[in-house]
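Report on the structure
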Amino acid sequence: MKFSHRINLLALSIAVFGLALLPVAAQVGAEHKTGQPWMNRGLSPDERASLVVKEMTLDEKISLLHGTGMAGLGPMSPLAVKSNGGAGYVVPIPRLGIPALQMSDAAYGVRNSGENGRYSTALPDDLAGAASWDLSAAYEYGALIARELRAQGYNMSLGGGINLTREPRNGRTFEYMGEDPVLAGKMVAQVMRGEQAQHVIGDIKHYALNDQESGRNAVNVNIDKRSMRESDLLAFEIAVRESDAGAVMCSYNRVNGDFACENKYLLTDVLKKDWAFRGFVLSDWQGTHSAAKASAAGLDHEEPAEIFYGDAMKKAVESGKVPIAEVDDHVHRILRSMFASGVIDDPSQKSVVDVQGGFEVAQKIEEQSAVLLRNENSQLPLDASKLATIAVIGAHSDVGMISGGGSAQVDPPGGNAIMPPGQGRTKWQDHVWFPTSPLKAIRAEAPHANVQFDPGTDPASAAALAKIADVAIVFAYQWESEGMDLDTLSLPDHQDDLIAKVAAANPHTIVVLETGSPVTMPWANQVSGILEAWYGGSRGAEAITRLLFGEVNPSAKLPITFPMSEADLPHPTVVKPPRESTTAGGDPDAWKKIAAGLSAFQITYDEGLKVGYKWYDAEKKQVLFPFGYGLSYTTYKYSDLTVTPGKSIHLSFTVANTGNHAGSEIAEVYAAMPEGTGEPPKRLVGWSKLKLDAGESKTVTIEVDPEYFSIFNVDKDAWQLVPGDYTLMVGGSSQSLPLKQSVNLK
Ligand code: BGC
């Protein structure tokens, strides 16, 4: 059994949120220049691509197979001067009406706008987006990024990160969608649909198993096929099948011996054949290591330069080492994606970014993404009229909120909020704070209160301020970035000590976390409130303040487990590369060594299927906050589950809002697999997000396709539904599932 593109897991969510998920419409019209029949919009993207390929010279074909270089990453082509300033530029073919590809990183907003003198909105980070569990919000996330890409002159996005969190210390955890393949896959699919509907090519990355940054260009990931198909690759599978994304970026690392970008199993057997992916595969920047081997394995395009896919590829074709049919297929796929996404019919045109519109979207998404983790004695929401003094402490909360670094970095307007004016240009791996000030937002929300600030650098002074306040709000941060992994999940800079001291001074202490990964919280039981804000984006402070003061009722749920300590993770430490698997900083020949392939070191994901909550469940490890968990200012009661097997498994249950606030509840459905399947105790198979007024009840129906109950049978190289008894469990978190029913599936 295969995961068909008809997968209809969330029929109800789609109905409830009224998603207008129309594919990029085939634009009919006979408007085409004489001699360019591929400009006929009435033809399919494949037909149009085939017509172009027939006309192309070998040189023109080769020109589409590679980028033109990137400063610091090896040789640059003189043609790169026409680049729009993004990470990738592929030359146009004016003779045939084929435009350039202008690619920009755009994980949570458009990158590099600072050095290009442009403006971009920073959305809450991708992990935050996943915490909304809201498919329509994910679509809007992608649509906003794509509108800003187009306004800045780009036509291809390099966002769409979907690597499952096997290692929460991975410095790119904030760029991904958490630890569950179904949640991550469905959310990224919507980001892609939102982007492509704006006529920007979407890209899903990093395929696959690039789950730590340490030694990423060298590491060989060892993993069995069943585990990767049912977890890491399943996320990509769902995203690819449900979005028709134009591109997939293969990752730096090796998987079971071969580099991901020359791995036939990943690129051809699974992605192109089994999942019927019709777009093109581009390498991560310097992730290409050969011409003939990579081409035969299914790599279509080299970035950022032309070390293998330029002259070397031409020679390989001329000498018969690479069949021209392979090159034609690569070119066809690139052109097909250009036609399918509309970048040829509706080219991007530079214009002014809608700054105000971006603020609204960023704020709305953060309001749906910040997770309320603790609320003792209903400390929250705060009532401004009852607070005389409020202490705002820590994490530069007078001026800004932190963002995630690396190629995802979005540049703040006016520069880094913690730098002196004029020195705020962002640099690789700077800690960049966005000018969204919690202190100002709280002052605006509580105009009659005396709102005072302490930077938190001296815990004694912060505690003294907390002591005289009615409530103390501590902002705490953990910065992370591409190119590094976290040593620990503890908050840096003695912030645990700061929080403990403030909490000891004031029983009404609330902690707002600005983190990219889960953190440990030795002080969790001493504070009365904890709100996980993630990297909150351009309007983080405004959104957080509205949540703290009850203008918005929290509804987000964790897309990732918060463990009690690192000792509970599947791997006690991040495996670091030996020296021979790295290049020295400043080595001018680094690019040659990387291209040649750094010597491999090994990671073995022997936890297998047990990713995230599946690990803690199976190993019976207590966690700090479980996957799927998140509080609200109201309470919900679940009842009346019925499960009816059929072509799909039909669930119906009732959710009642039993409290005094209107709210949105994410109702989660998990399945326990039959005994003997060797599966972890449960897996997420569906969810529905529903709005409920105080006192209101709704009946929820969810259809789950049997494919979501399947396991990957390696001997048959296929998905298989194992006949037996399945237990379906429904509730508000992976560890609070009050409704259960067994069903026999054949
Ligand atoms: C990152 C990619 C990014 C590319 C271009 C690489 O180092 O891994 O995610 O898209 O650079 O900036």
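As the structure is a prediction and not an experimental result, all values here were calculated from the model.

What counts and what doesn't
Residues numbered from 1 in each chain as written. Predicted model: local features only at pLDDT ≥ 70, side-chain atom pairs only at ≥ 80, totals over all residues. Heavy atoms only, no water. Near = heavy atom within 4 Å. Polar contact = N/O pair within 3.5 Å; in protein donor to acceptor, adjacent residues only side chain to side chain. Nonpolar A, V, L, I, M, F, W, Y, C, P; charged D, E, K, R; others polar. 1 Å grid on protein atoms, 1.4 Å probe; cavity = no way out; pocket = protein on both sides within 12 Å on 5 of 7 lines; lining within 4 Å. Points joined across faces, edges and corners; volume = space filled by probe spheres on them. Helix = DSSP H or I, 4+ residues; strand = E, 2+ residues; numbered from the N terminus. Core = buried A, V, L, I, M, F, W, Y, C linked by side-chain atoms within 4.5 Å. Buried < 20%, exposed > 50% of the residue type's maximum accessible area, 1.4 Å probe, protein only. Contact = heavy atoms within 4.5 Å. Pairing = 2+ DSSP bridges. Axes fitted to C-alpha atoms, helices over the stretch in contact; angles between N-to-C directions. Salt bridge = Lys/Arg side-chain N within 4 Å of Asp/Glu carboxyl O. Arc of directions from axis to C-beta.

**A few points about the site of the ligand**
- Inspection of the region around the ligand gives 14 residues, with Asp 105, Arg 172, His 206, Asp 284 and Glu 482 positioned closest.
- The side chain of Arg 111 places a nitrogen or oxygen atom 3.2 Å from an oxygen atom of the ligand.
- In this structure, Arg 172 approaches the ligand through a side-chain N or O atom, which is 2.8 Å from an oxygen atom.
- When grouped by side-chain class, the residues that make up the shell around the ligand number five nonpolar, two polar and seven charged.

**Quick word on empty space enclosed by the protein**
- Inspection of the entire model under this criterion finds six cavities of 30 Å³ or more.
- Its volume calculated, the largest cavity comes out at about 160 Å³.
- As for the largest cavity, its lining consists of 18 residues, of which Pro 181, Glu 230, Lys 614, Glu 679 and Arg 683 are closest to the centre.
- Contributions of two or more residues to the lining of the largest cavity are made by helix H6 (181-196) and strand S24 (683-692).
- Taken together, the residues that form the lining of the largest cavity break down as ten nonpolar, two polar and six charged.

**Brief notes about the nonpolar core**
- By size, the foremost hydrophobic cluster in this structure holds 189 residues, and its most contacted members are Tyr 207, Leu 335, Ile 390 and Phe 653.
- If near-sequence neighbours (up to four positions away) are discounted, Ile 390 is found in contact with Ile 442, Ala 446, Ala 449, Asn 450, Val 451, Gln 452, Ala 469, Val 471, Ile 473 and Phe 549.
- Counting residues in each nonpolar core, the second largest holds 37 residues, with Leu 373, Leu 465, Ala 472 and Val 527 among its members.

**Thoughts on the sheet that holds strand S21 (residues 636-644)**
- If you walk across this open sheet you meet the three strands as S21-S22-S25, and the pairing is antiparallel. Each having just a single partner strand, S21 and strand S25 (697-704) make up the two edges of the open sheet. Geometrically, the sheet is characterised by an average inter-axis angle of 20 degrees between neighbouring strands, direction not taken into account.
- In this structure, S21 lies alongside strand S22 (residues 649-657), joined through seven bridges in antiparallel fashion. Paired with Val 643 across the two strands is Leu 651, which belongs to S22.

**So, the environment of Pro 570**
- Structurally, Pro 570 can be placed in the loop between strand S18 (562-563) and helix H18 (590-596).
- Each C-alpha atom, one on Pro 570 and one on Ala 500, is 28 Å from the other, the two residues being 70 residues apart in sequence.
- With sequence-adjacent residues up to four places away left out, Pro 570 is seen in contact with Glu 607 and Trp 615.

**Considering the pattern of salt bridges**
- Tallied over the full model, the rule gives 44 salt bridges.
- We note a salt bridge from Lys 557 to Glu 665, for which the minimum N-O separation is 3.1 Å. Placement of the pair is Lys 557 in the loop between helix H17 (540-548) and S18 and Glu 665 in strand S23 (residues 663-672), with a sequence separation of 108 residues. As far as burial versus exposure is concerned, Lys 557 and Glu 665 are alike and both buried.
- Through salt bridges with shared partners, a single ionic network connects Arg 172, Glu 175, Glu 213, Arg 216 and Glu 482.

**Some details on the sheet that holds strand S7 (residues 254-255)**
- With mixed pairing, four strands are arranged side by side in an open sheet as S8-S7-S5-S19. Whereas interior strands pair on both sides, the edge strands pair on one side only; in this sheet they are strand S8 (258-259) and strand S19 (602-604).
- Inspection of the sheet shows strand S5 (residues 220-222) paired to S19 by three bridges, in the parallel sense. Looking at S19, one finds that Asn 222 is bridged to Thr 604.

**Quick word on helix H15 (residues 459-468)**
- Those residues of H15 not exposed but buried are Pro 459, Ala 462, Ala 463, Leu 465 and Ala 466. Looking down the long axis of H15, one finds its buried residues gathered within 160 degrees of arc, a one-sided arrangement. Among the exposed residues of H15, those pointing more than 90 degrees away from its buried face are Ala 460, Lys 467 and Ile 468.
- Turning to H15, the residues buried within the fold contact strand S11 (389-393), strand S14 (450-454), strand S15 (471-478) and helix H16 (495-505).

**Thoughts on the environment of Glu 445**
- Looking at the element boundaries, Glu 445 is found in helix H14 (residues 438-445).
- Relative accessible area serves as the criterion here: at 22%, Glu 445 is assigned to the partly exposed category.
- Taking the C-alpha atoms as reference points, Glu 445 and Leu 548, 103 residues apart in sequence, are found 9.9 Å from one another.
- The residues touching Glu 445, leaving out its near neighbours within four places in the chain, are Ala 384, Thr 545, Arg 546, Phe 549 and Glu 551.

**As for the side chain of His 571**
- The topology assignment puts His 571 in the loop between S18 and H18.
- A distance of 2.8 Å separates polar atoms of two side chains, one belonging to His 571 and the other to Glu 607.
- When residues no more than four places from it in sequence are discounted, the contact partners of His 571 are Glu 167, Arg 169, Thr 604, Tyr 605, Asp 606 and Glu 607.

**Description of H16**
- Restricting attention to buried positions, one finds in H16 the residues Gln 495, Asp 496, Leu 498, Ile 499, Val 502, Ala 503 and Ala 505.
- Residues of H16 that are buried sit in contact with S11, H15, S15 and strand S16 (509-515).

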